[in-house]
Amino acid sequence: MVVLFLHKSKRLLALILVLLLVFAFSGCHLPPPAPHLDGDGEEVSPELTVHFIDVGQGDSIFIQTDEQNVLIDAGERSAGEVVVDYLQGQGVTELDLVIGTHPHSDHIGGLIQVLTDIPVKEIMDPALVHTTKLFEDYLTLIDEKEIKFTEGRAGMVRDIGNAVLEILHPVAPTGSALNDASIVTKISCGKISFLLPGDIEKKSETEILDRGAALKCTIMKACHHGSTTSNSLEFLQAVDPEAVVIMCGEGNDYGHPHGEVLQTYCDLGIDIYRTDLQGNIVVATDGEVYSINTEKGKGPAEDYYEPGFELLGSVDSDKYHHPDCRHIKNIKPENKIIFKSRKDAEEKGYRPCKTCQPVG
Ligand SMILES: [Zn+2]
Ligand SMILES: [Zn+2]
C-alpha cells in the first residue's frame, strides 16, 4: 500500500502523483525503485528514496539519489545479512558513504557484513574509541579494505546528487556518552527533508537547539528508538515533522518505543510509523511531494489494524489495552468493551495502558 502526502504548503495545489515503488524483500533481487507517474501519466523519477530497513532492534537507513548510495548504520551484527540482501535487492554494488552513527552494536554491528560484502568508498563516524571486540573488528576491516575514513562533525555539508547531506552533530563527542556522540544527519531534497538523529539523548537535543541548527524537517527518525531518554517536547517542536519513523524490534527488552513518547507524537499530530509493526518503510520524494510505502500495514501505525485486531477496555477503568495485554484476563466478560481504534477509545475517554502501550 502506498500512502501519498503532499507537502503542507502545497497540499491543495499540487497534482496527485501516483508512485509505483518496487518494494524489496530480503533475499529477492529487484531492480532499483521504479519511476512514478505524475497526473498526466508522465514518468517522474523519485529524486531521493530513504529506506528504513527493518533490522529488529537497531537502526539501518539507506539513502539513494541519482548519483549516490549512502548507508547509515546496519543494525546488530546478526542483521548484517539482512542489510546486505536488502541493498543487493536494490541493485546496489557500491556504497559512496557509510555513516556509523556511534559505536553501539545495534548500529555498527551489521556493518561488519556490509563492509565485507559491498565495496565502500568512505566511512564516517564520531571517531571515538570503544573497547569491544565488535568495534575492533570494525576498525580492522576499515584498515584492511583501505576505506577512506572521515571524522563526522557538525557543520559538514555534502552534495549527494539530487539531495544535500548535512551533519548537525556532534561538535565535541566524548566516549563517556556514546548515544550523545551520535552523528545527526539531515538530508534535504527540494522542499522535503529528513532528520536522522541516531541515539542522541536530551542533552544533545538541547545542545543542537542551543546551536540554532535548522532542525525543521518533513520526516524524522525517532531519537534513540523512541525512548524517553530522548524526544523532548522542545526538540520535537523545533523539528516539527509530519511523520516520524520509529526503528525498534518487536517485543524488545527496553520497551521501545515508550508510551509517553508515542503520546507526545500523537499530541503534536505527528504520523507514527514503526519498523516493529510495519517492517521496511520506504519514503520516496521528487522534492515536492513524498510517498510512504510500508511492507506491512496500511497507513501510519496509529491507524493500523490487522483484521480482527481490536483494542479492549473495561467499563470499570479508564485504560484501553492491546488484545495480548496481561491485564485483559482480569476484565470480567460482562464489563469488557471493544474499541474499533485508538481514536475510538480516546474519544470515549480511555487512556492507553502503560503495560502494553497499545498503538493499534
Ligand atoms: Zn540504538
Ligand atoms: Zn546507542
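Novice: Just give me the short version of the sheet that holds strand β21 (residues 336-339), but keep the residues and values in it.
Specialist: An order of β21-β19-β20-β22 is seen for the four strands of this open sheet, with the pairing classed as mixed. At either end of the open sheet lies a strand with only one pairing partner, and these are β21 and β22 (351-352). Note: strand β20 (residues 319-321) against β22, two bridges, orientation parallel. Its bridge partner being in β22, Lys-319 is matched across the sheet by Arg-351.

Novice: Could you give an account of the pairing of strand β11 (residues 164-169), naming the residues involved and the relevant values?
Specialist: Where strand β10 (residues 157-159) meets β11, three bridges bridge the pair, whose relative direction is antiparallel. Counted as the bridge partner of Arg-158 is Leu-165 from β11. Counting the residues in the hairpin turn of β10 and β11 gives four residues, including Gly-161, whose phi is positive at 90 degrees. Here β11 runs beside strand β12 (residues 184-189); their pairing, made up of five bridges, is antiparallel. Across the sheet, the residue bridging to Ile-167 is Thr-185, located in β12.

Novice: With reference to specific residues and values, describe the sheet that holds β12.
Specialist: What the seven strands build is an open sheet, ordered β10-β11-β12-β13-β14-β15-β16; its pairing is mixed. The open sheet has two edge strands with one neighbour each: β10 and β16 (271-274). Direction aside, the axes of adjacent strands within the sheet are offset by 20 degrees on average. Summarising the sheet, strand β14 (residues 219-221) and strand β15 (residues 243-246) pair through three bridges and their orientation is parallel. Considered in β15, the bridge of Ile-219 is made with Ala-243.

How each quantity is defined
Residues numbered from 1 in each chain as written. Chains lettered and ligands numbered in written order. Predicted model: local features only at pLDDT ≥ 70, side-chain atom pairs only at ≥ 80, totals over all residues. Pairing = 2+ DSSP bridges. Helix = DSSP H or I, 4+ residues; strand = E, 2+ residues; numbered from the N terminus. Axes fitted to C-alpha atoms, helices over the stretch in contact; angles between N-to-C directions.

Fair warning: the whole summary comes from geometry, so function is off the table for now.
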